[in-house]
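Chains, contacts and geometry: an overview
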Amino acid sequence: MNDINNKYLNTVSSKLKKVSMILQYTHEKIIENQEIKRLVYYNTKNPLSKKGLKYDNTKIDQPDLTEEDVKDLITLLPFNPDMKINLCSFIFLNTPSATFSNGDNVIYLDINIVSPAEYFEITTGLRLYEISHKIANIFDGLYIDDEDYIEELGNLKFILDDIAVNRLSNNSSMLWSSMRFSIQLIPQTRIRGW
């Protein structure tokens, strides 16, 4: 009998251990951001204001939102199986791939944003790009900073590699943005100031 693998019996591969925690961390950081929730939830010309002006020029109140308000709009899933394509914006998280070669262990995280063209223009710019900008501000070039996650994940850093913006499908007025972040799984050394 060949005993070549005996030393590996009852051990586990840790390559994918961090994926679910990275997704949870990312979701929590996005859900904590009131401006992102407002940009996704309120289909008005000024979603960041307390009083909204709809595209038909009627006014509405726009109170702060809770996680419950956006639970079907900002999800940990790469898609929402219950989603009805209507005039709403959505954010989906996905880890489509990872590479594990030559000690360069990287997980790729896609943050997909879907938004109706009918509500594209807002007072602060263009809705899809404003959502993307707010997400980039939370993650790009930054280390995980939540003590609950640092203990398990270490000093992982998000790098925005690219963004693509397209029409969701040929027969849809929905726009789609995909932001790809790379997260190297070898904890980085944080550079401290003098």
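Residues numbered from 1 in each chain as written. Predicted model: local features only at pLDDT ≥ 70, side-chain atom pairs only at ≥ 80, totals over all residues. Heavy atoms only, no water.

**Some remarks on the overall build of the protein chain**
Assigned secondary structure in the protein chain consists of four helices and nine strands. Ordered by position from N to C terminus, the α and β elements of the protein chain give α-α-β-β-β-β-β-β-β-α-α-β-β. Sorting the 194 residues of the protein chain into buried and exposed places 39% on the buried side. By sequence separation, contacts in the protein chain at least 24 residues apart represent 59% of the contacts at least 6 residues apart. When the accessible area of the protein chain is evaluated, it comes to approximately 11600 Å², of which 50% is carbon and sulfur surface. (Helix = DSSP H or I, 4+ residues; strand = E, 2+ residues; numbered from the N terminus. Buried < 20%, exposed > 50% of the residue type's maximum accessible area, 1.4 Å probe, protein only. Contact = heavy atoms within 4.5 Å. Areas by Shrake-Rupley, 256 points an atom, 1.4 Å probe, with all protein chains shown as cover.)

**Some remarks on the sheet that holds strand β5 (residues 104-116)**
Strand order in the open sheet formed by five strands is β3-β4-β5-β9-β8, and the pairing between neighbours is mixed. Here the strands that pair on one side only, and so sit at the sheet edges, are β3 (74-75) and β8 (158-167). In this sheet, strand β9 (residues 174-184) lies alongside β5 in antiparallel orientation, the contact comprising 11 bridges. Among the inter-strand pairings, V106 is bridged to a residue of β9, identified as Q184. Strands in contact with helix α3 (residues 127-139) are β4 (90-101), β5, β8 and β9; relative to β9, the strand with the most contacts, it is inclined by about 15°. (Pairing = 2+ DSSP bridges. Axes fitted to C-alpha atoms, helices over the stretch in contact; angles between N-to-C directions.)

**Looking at the environment of L39**
Checked against the element boundaries, L39 lands in helix α2 (residues 34-41). Taking the C-alpha atoms as reference points, L39 and S89, separated by 50 residues in sequence, lie 8.1 Å from one another.

**Observations regarding α3**
Taking 1.5 Å per residue, 13 residues should reach 18 Å; α3 reaches 19 Å between its end C-alpha atoms and fits that length. When you tally the buried positions in α3, you get 10 out of 13 residues, the bulk of the element. Within α3, burial applies to R127, L128, E130, I131, S132, K134, I135, A136, I138 and F139. Positioned one or two residues after α3, G141 has a phi angle of 75°, which is positive. (Expected span 1.5 Å × (residues − 1).)

**Regarding the nonpolar core**
In terms of nonpolar packing, the biggest core is built from 44 residues, with I30, I91, I111, I135, F139 and F158 touching the most fellow members. At seven residues, the largest contribution of residues to this core is made by helix α1 (residues 19-32). Residues in contact with F139, not counting those within four places in the same chain, are Y25, T26, K29, I30, I111, F158 and F181. (Core = buried A, V, L, I, M, F, W, Y, C linked by side-chain atoms within 4.5 Å.)

**A closer look at the packing of α2 against α3**
One way to put it is that α2 packs onto α3 with a least axis distance of 10 Å and a crossing angle of 160°. Judged by the angle between their axes, α2 and α3 are roughly antiparallel. For the pair α2 and α3, the sense of crossing is left-handed. The segment α2 lies against α3, with E35, I36, L39 and V40 engaging R127, E130, I131, K134, I135 and I138. Grouping the amino acids of the contact of α2 with α3 by side-chain chemistry returns six nonpolar, no polar and four charged. (Parallel < 35°, antiparallel > 145°, perpendicular 65-115°, else oblique. Left-handed = near helix turned anticlockwise from the far one by under 90°. Nonpolar A, V, L, I, M, F, W, Y, C, P; charged D, E, K, R; others polar.)

**Digging into the packing of aromatic side chains**
In this description, an aromatic ring pair is defined by two values, namely the gap between the centres and the angle between the planes. In the structure shown here, the tally under the stated rule is 10 aromatic pairs. The interplanar angle of 40° and the centroid separation of 5.0 Å between the aromatic rings of Y55 and Y119 together place this pair among those described as tilted. Here the residue Y55 occupies a position in the loop between β1 (51-53) and β2 (59-61), and Y119 occupies one in the loop between β5 and β6 (121-122), the gap between them amounting to 64 residues. Judged by relative accessible area, Y119 falls into the buried class, the value being 16%. Seen from their ring centres, F90 and F92 are 5.8 Å apart, and the 15° between their planes marks the pair as stacked. With relative accessibility at 5%, the residue F92 sits in the buried group. Here the aromatic cluster, defined as three or more aromatic residues joined through ring pairs, consists of Y25, F139, Y149, F158 and F181. (Phe/Tyr/Trp six-rings, centres within 6.5 Å; stacked < 30°, edge-to-face > 60°.)

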